[in-house]
Amino acid sequence: MTAFLALLQDYTIQNVVAGAALLGLISGVLGSFAVLRQQSLLGDTMSHAALPGVCLGFIIAGTRHMGSILLGALVTGALAALVMLLLTRMSRLKTDAGLGIALSVFFALGVVLLTHIQGMNNAAQGGLDAFLFGQAAATLRSDVWIMGGITLAALALVAALWKEFKLVTFDPEFAASLGMPVVWLEVLLTVMIALAVVVGLQMVGVVLMAAMVIAPAVAARQWSHRLEDMVWLAAAIGVVGGVFGALLSALSRGLATGPLIILSVSVAVLVSITLAPGRGLVWEAMRLWRGRRRLRDQQVLTTLYRLAAHHADPVYRSEQGMLDTYHGLGTRAALRKLERRGLVEWGQARPGEPGPERRWVLTPAGIAEAERILASLNGEGA
Amino acid sequence: MTQSLHEPGLALHVEDLTVSYQSKPVLWDIDFDVPPGVMAGIVGPNGAGKSTLIKSVLGLVPSVAGHVRLLGLPYKAQRRRVGYVPQRSSVDWDFPTTALDVVTMGLYGRLGWLKRPGRRERDEAMAALEQVGMTDLARRQISQLSGGQQQRVFLARALVQQADVYFLDEPMAGVDATTERAIVDILRRLRDDGKTLIVVHHDLQTVRSYFDWLLILNVRVIAQGPVSEVYTAENLKRAYGGQIALLDETGFLSDRASGS
Amino acid sequence: MLAALFDNVPLMIMLVGALVGIASSLVGTFLVLRGNSMLSDAIGHAIVFGIVIVWLLTHQQSGPVQLVGAALTGLLTVVLTELLVRTRRVKQDAAIGLVFPVLFSIGVLLLNLYARDVHIDTHTVLLGEIGFVWLDTVTLGDVRVPQALLSMGAMTLLNAAFVGLFYKELKLATFDETLARALGLAPGVLFYGLLLLTSGTAVAAFDAVGAVLFVAFVIVPPATAYLLTDRLWLMFGYGTLVSIAASVSGYYLAVAWNVSIGGMMAVMTGVLLMLAFLAGPHYGLVAQWLRRRGQRRLNEIRTLAVHLYNHEGSPEQHEENVTRALREHLLWDDARARRVVERSCERHLIVRAGEALTLTSAGRELAREILEPGRQGARAGGR
């Protein structure tokens, strides 16, 4: 525990944890809109496209100045989104091709610029290519302030335009009929993803940013029925995942921070998809299983009823073995459950009857229930 | 004709409207008038431009030529007096939002920038949900609603707009018989309150019983006016061409359209 | 003579670059047409994981076993994505963006843990270094051939053989999957075969161009071709041409500016795409714009003809069929109204007498053709 507290007092680790939390916050909030607008991979394209911006920012500033590098990243990231939109709107190329083209060509331009900078033999170039994977450990306090400012600006914008963003995401046509400037709102939502990318550059790098935009939102979606809840939860998952990954990396000394953050939020996705109440796969499987069990109970009950009706004997006694052959399976468990519900009885065979001594008999409640089931089946069939 | 009031006596006045998608015209020189206080149907075969006509009136699709007046003024000036129910299939119903939320969205236009919906808006939305018989399902996530219930939510969203003219794009498509009756009842009540309803409709069988005004459309105006005058075998044949043969065989046309 | 050829470093580099492009666009064409381009992005990144795993298991980076092993992880990405989509909780694009970062992260962490001192530099993994392909050679007979040339050549042949053998099946599976399934062609298996080859190509192209630039070679040449032609076989031709042109021009520009050769080649594919996007003969922006403008002008004339036809002989004719109505009813500005009237007069569709506009018989015929195509056809048939 003391070791953990000491960890938290470490200047570098404070920076890393703060940066990771900010990244989780902004990408959780903006990612929710991106995922719901089916623009999940836009974050991937924009983050790869940030590389030439990083290089241009460096070339223009002449030094590794964080502000200009992030500004460059913002500009080329947004530009790539624009190119993607242009290619898909103005030609026959589909969204996936537009995304892939913008991603790979902008990244290639970044590689070219990166080697150009290396060719300049500038001593200050050091660590520029670290933006590929992020370099969380090198985060300075000043970087944290910049990231905080960007996050704050993005959150303020989302808060101010909340209902507009919500309606444009859900039903853009209706939004337009109300007179909202739909195109501008959509452009704004798209460009704001570039803000998240810029915050993520330092922490997870361009390659892994895709998951940071998608994972918290997808995880949160499984637990929530309203956009408000989803965005809050995505922000929380992003922050917790970010902080957890950052601390894990600090504790392990030597494991890269970015991948650990990504794995943390991805685990959140996995847990959410399987366990979230209502939407989770486990719950669905349980519902399915219960339904099947109930159906089986009903089938056994109606078989008893049919046998009784066939023999014109309401207290007809059925052998366990006969019921098993009818259903091709063991029916004891189902019969025991029906017995507990008071629908059947495990009664004595009539004196002198051949075969086993104890047999299954319908109770009056069982007869009523079987008739109800059969009636509802017929009703559905009609 | 001036920039101000033009044909103020009509709920909707469309004049010489030509609309094209990707430079391919889908509506040619449409002249279409709807008097106030009627329930007007728009029918025509697939690809006739029924939805496009509504969208163009609402400024969602640009027009090549012509103009539109709602209660005497362009749409931009009359936005607050118009309600719109888009096709149900136009949105993703898996979106994380509740029925109440969706209905509240109808008030966003009135609220203006930066203002959030509050208690008053929620009460209004609840009242609209009550009108369509959905009070119990107000907090339900929209993906858990049936098709008919989703359509009622969309209708409630338009109701909350408190408009004078309503545009509905296929509100009866894919809903159960009960919902269809409920929707028609609500629309009739609105009409009796003096509102105007303009409905894109696909089911010719119910045209006579639902509507009192009709536009038969197929890229151009085939016929328009009171249903009793317009809904004739001749006009339907002109609009639907070969497709009407099916209806002929069922004896539907001779039964209904000839007015016997 | 042959040895001199293989010792020609620039030629070798350009050749490898062109082969990367050709092999990639052979499979990429189908990915682009199916709308699955971003799978190549996922595969490219996930291969990093595969290469690390294979290295941990065999302590070797190259060789046929390693190639197949790494390629299988590309396929694993696709399978995992597919599984995630099957749960119906995640849409396909989101699933792609979730799976490959996880695999990539695990790959990086494994490197952190076990392979600190090893020559798998994450930097090269992403960027590749096509300029160094001639360093790694194998001796065939008495010629030293670059390893990358051999593996890329083999991949190109393999991809070409696959596409050649299953050309008609792939074509059908791409354009009409349901029909292909109905005919018993197993489009799913074909698609997985295609993705396996994509992964294999990614692994083979890895040293040369790295994970991300590979994406450019898969998507951009076929996308360029798609902007130039509608024919599938021609798309392969254009894809090959784009690859070669990008490789050659990229090499010389990179040398001139002293920048990454692979990067410059990928940038050049983008430049060629932009050229096709702007100046393509049919789908290019300029061609589209010209066609639309022609269409728009024609439509204006037709709109006028229909308008006049609709009101001809009606009581409101005197206020509808006049030049003033174009401004007041059609809401055209003066210049446009004048232009349309002039053009229509030139084509003898209307005659103008003062304010009044009257259709000629040709103009009436045009309007009728538009409004009642059925009747026109029937009459033409009757004649």
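Once a new chain begins, its residue numbering starts again from 1 and follows that chain's sequence as written. Throughout, the order in which chains and ligands are written sets their labels, letters from A for the former and numbers from 1 for the latter. It should be noted that, the model being predicted, local features are given only for residues of pLDDT at least 70 and side-chain atom pairs only at 80 or more, the latter also being counted only at that level, while totals for whole chains, interfaces and linings use all residues. Excluded from the side-chain calculation are hydrogens and water; included are all heavy atoms of the structure.

Labelled according to an unreviewed UniProt entry, chain C appears under the name Manganese/zinc/iron transport system permease protein, originating from Halomonas stenophila. In UniProt, chain C has this text filed under Sequence similarities (unreviewed entry): "Belongs to the ABC-3 integral membrane protein family." What UniProt records for chain C under Subcellular location (unreviewed entry) is the sentence "Cell membrane". UniProt positions are given in the numbering used here, feature names are shortened, and annotations may be inferred rather than shown by experiment.

By the naming in an unreviewed UniProt entry, chain A goes by Manganese/zinc/iron transport system permease protein and is assigned to Halomonas stenophila. Entered under Subcellular location (unreviewed entry) in the UniProt record, the comment concerning chain A runs "Cell membrane". For chain A, the Sequence similarities (unreviewed entry) comment in UniProt is given as "Belongs to the ABC-3 integral membrane protein family."

### A word on the overall build of chain C
Within chain C, the regular secondary structure consists of 18 helices and 4 strands. The reference for a compact globule is 2.2 Å times residues^0.38; the radius of gyration itself is calculated from the C-alpha atoms. Taking 383 residues into account, the globule formula puts the C-alpha radius of gyration at 21 Å, and chain C, at 30 Å, lies well above it. For chain C, the C-alpha atoms occupy an extent of roughly 90 × 50 × 40 Å along the three principal directions. Remark: exposure states derive from per-residue accessible area (1.4 Å probe, protein chains only) relative to the maximum for the residue type, with buried under 20%, exposed over 50%, and partly exposed in between. The buried share of chain C, taken over its 383 residues, is 53%. Note on contacts: a residue pair is in contact if any heavy atoms of the two residues lie within 4.5 Å. Summarising the internal contacts of chain C: among those between residues at least 6 apart in sequence, 68% fall at separations of at least 24. Exposure was quantified through the Shrake-Rupley algorithm and a 1.4 Å probe, taking into account, for residues, occlusion by the shown protein chains and nothing else. Counting only carbon and sulfur atoms, one obtains 63% of the accessible surface of chain C, whose full area is about 16800 Å². Counting from the N terminus, the helices are DSSP H or I runs at least four residues long and the strands are E runs at least two residues long.

### So, the nonpolar core
Here is a general trend for soluble globular proteins: nonpolar side chains tend to be buried in one another's company. In plain words, nonpolar cores are sets of buried Ala, Val, Leu, Ile, Met, Phe, Trp, Tyr and Cys residues tied together by side-chain atoms within 4.5 Å. Of all hydrophobic cores here, the largest spans 286 residues; its most connected members are Leu12(B), Leu53(B) and Phe167(B). Ranked by residue count, the leading element in this core is helix H10 (residues 187-228) of chain C, at 26 residues. Leu12(B) has contacts with Phe32(B), Asp33(B), Val34(B), Val57(B), Val68(B), Arg69(B), Leu70(B), Phe167(B) and Ile198(B), leaving out every residue within four places of it along the chain. Among the nonpolar cores identified, the runner-up in size contains 22 residues, and Val306(C), Trp332(C), Ala337(C) and Leu366(C) belong to it.

### A closer look at the sheet that holds strand S1 (residues 12-21) of chain B
Two strands are counted as paired when DSSP detects at least two bridges linking them. With antiparallel pairing, the 3 strands of this open sheet are ordered in space as S2-S1-S4 (chain B). Each having just a single partner strand, strand S2 (24-34) and strand S4 (65-70) of chain B make up the two edges of the open sheet. Between one strand axis and the next, the sheet turns by 25° as a mean value, whatever way the strands run. Judged from the 5 bridges that link them, S1(B) and S4(B) form a sheet pairing that is antiparallel. Bridge pairing in S4(B) links Glu15(B) to His67(B). The axes are straight lines fitted to the C-alpha atoms, using for helices just the contacting stretch, and the angles between their N-to-C directions are given from 0 to 180°. This element, helix H13 (residues 285-311) of chain C, spans S1, S2 and S4 of chain B of the sheet and lies at about 35° to S2(B).

### Quick notes on the interface of chain A and chain C
The partner chain C presents 60 residues to the 58 residues of chain A that form the contact. In this description, buried area is defined as the sum, over both parts, of the accessible area (probe of 1.4 Å) that is lost when the two are combined. Here chain A and chain C share an interface that buries about 4800 Å² over both sides, 74% of which is from carbon and sulfur atoms. In the sections that follow, a salt bridge refers to a side-chain nitrogen of Lys or Arg positioned within 4 Å of a carboxyl oxygen of Asp or Glu. Connecting chain A to chain C are 3 salt bridges. The shortest N-O distance in the salt bridge between Arg89(C) and Glu284(A) comes to 3.6 Å. Taken together, the elements giving at least two residues each to the side of chain A that touches chain C come down to helix H3 (42-48), helix H5 (66-90), helix H6 (95-119), helix H11 (205-223), helix H13 (257-275) and helix H14 (281-310) of chain A. Broken down by element, the side of chain A that touches chain C gets its largest block of residues, 18 residues, from H6(A). Throughout, the ten residues Ala, Val, Leu, Ile, Met, Phe, Trp, Tyr, Cys and Pro are labelled nonpolar, Asp, Glu, Lys and Arg are labelled charged, and all others, Gly among them, are labelled polar. The residue inventory of the side of chain A that touches chain C, partitioned by class, reads 35 nonpolar, 16 polar and 7 charged.

### What to know about the UniProt feature "transmembrane region" (unreviewed entry) in chain A
Residue and element names in this part refer to chain A. On the UniProt side, "transmembrane region" (unreviewed entry) is annotated at positions that read residues 12-36, 45-63, 69-87, 99-117, 144-162, 231-252 and 258-282 here. Structurally, residues 69-87 is divided into 100% helix and 0% strand, and its ends, taken at the C-alpha atoms, are 27 Å apart. Taken as a whole, residues 144-162 contains 95% helix and 0% strand, while its terminal C-alpha atoms sit 26 Å from one another.

### Considering the interface of chain C and chain B
With 20 residues of chain C in contact, the opposing surface of chain B contributes 16 residues. Across the interface of chain C and chain B, roughly 1600 Å² is buried in total on both sides, 50% from carbon and sulfur atoms. Applying the counting criterion to the chain C and chain B interface returns 1 salt bridge. Notably, a salt bridge pairs Lys91(C) with Asp92(B), separated by 3.4 Å at the nearest N-O pair.

### Considerations on the domain arrangement of chain A
Where each domain starts and ends follows an automatic or database-derived domain assignment. According to the domain assignment, chain A consists of domain 1 (1-259) and domain 2 (283-378). A separation of 61 Å is found between the C-alpha centroids of domain 1 of chain A and domain 2 of chain A.

### Overview of the domain arrangement of chain C
By the assigned domains, chain C splits into domain 1 (1-224) and domain 2 (287-371). For domain 1 of chain C versus domain 2 of chain C, the separation of C-alpha centres amounts to 58 Å.

### Digging into the packing of aromatic side chains
Note on aromatic contacts: the rings of Phe and Tyr and the six-membered ring of Trp form a pair at centre separations within 6.5 Å, being stacked when their planes are under 30 degrees apart, edge-to-face when over 60 apart, and tilted otherwise. Evaluation of the coordinates by the stated rule reveals 10 aromatic pairs over all chains. Note on Phe33(A) and Phe165(A): the rings are 5.9 Å apart at their centroids and 65° apart in plane angle, and the pair reads as edge-to-face. Of this pair, Phe33(A) sits in helix H2 (residues 11-36) while Phe165(A) sits in helix H8 (residues 162-170), placing them 132 residues apart in sequence. Taking the relative accessible area as the measure of exposure, Phe33(A) reaches 2% and is therefore buried. Residue class for Phe165(A) comes out buried when judged on its relative accessible area of 0%. One aromatic cluster in this structure is built from Phe170(A), Trp93(B), Phe95(B) and Phe154(B). Here the basic side chain of Arg92(A) rests over the ring of Tyr226(C), its NZ or CZ set 4.0 Å away from the ring centre. Counted as over-ring charges are cases with an Arg CZ or a Lys NZ within 6 Å of the ring centre that also lie within 35 degrees of the ring normal.

### Digging into the confidence of the model for chain A
For every residue, the predictor reports its confidence as pLDDT, a number between 0 and 100. Of the residues in chain A, 95% have a pLDDT of 70 or more, and the chain-wide mean is 85. Averaged pLDDT values over the elements of chain A bottom out at 70 in helix H1 (residues 2-9) of chain A and peak at 93 in H8(A).

### Overview of a positive patch on the surface
Residues and elements named next belong to chain C. Candidate patch residues must exceed 30% relative accessible area and have no salt bridge, after which like charges are joined if within 9 Å and Val, Leu, Ile, Met, Phe, Trp or Tyr side chains if within 5 Å. His residues and chain termini do not enter the charge count, which takes Lys and Arg as positive and Asp and Glu as negative. A single reference atom marks each charge: NZ on Lys, CZ on Arg, CG on Asp, CD on Glu. A cluster of basic residues, Arg-291, Arg-292, Arg-293 and Arg-296, forms a positive patch on the protein surface. Assignment of secondary structure puts Arg-296 in helix H13. Arg-296 sits in the partly exposed class, given a relative accessible area of 41%.

### A look at the pattern of salt bridges
Summed over the entire model, instances satisfying the criterion amount to 28 salt bridges over all chains. Between Lys195(B) and Asp164(B) there is a salt bridge; the shortest N-O distance is 3.9 Å. With Lys195(B) in the loop between helix H7 (177-192) and strand S7 (196-200) and Asp164(B) in the loop between helix H6 (147-159) and strand S6 (165-169), this pair connects stretches of sequence that are 31 residues apart. Judged by relative accessible area, which is 18%, Lys195(B) ranks as buried. Residue Asp164(B) is classed as partly exposed on the basis of its relative accessible area of 27%. Salt bridges sharing common partners tie together Lys166(A), Arg226(A), Glu228(A) and Asp101(B).

### A look at the sheet that holds strand S3 (residues 39-43) of chain B
All names here are of chain B. The strand order S5-S6-S7-S3-S8-S9 describes an open sheet built from 6 strands, whose pairing is mixed. Two strands bound the open sheet, and with one partner strand each, they are strand S5 (82-85) and strand S9 (220-226). Neighbour-to-neighbour, the strand axes of the sheet open up by a mean angle of 15°, direction not taken into account. Sheet analysis places S5 next to S6, joined by 4 bridges and oriented parallel. Its bridge partner being in S6, Val-85 is matched across the sheet by Leu-168.

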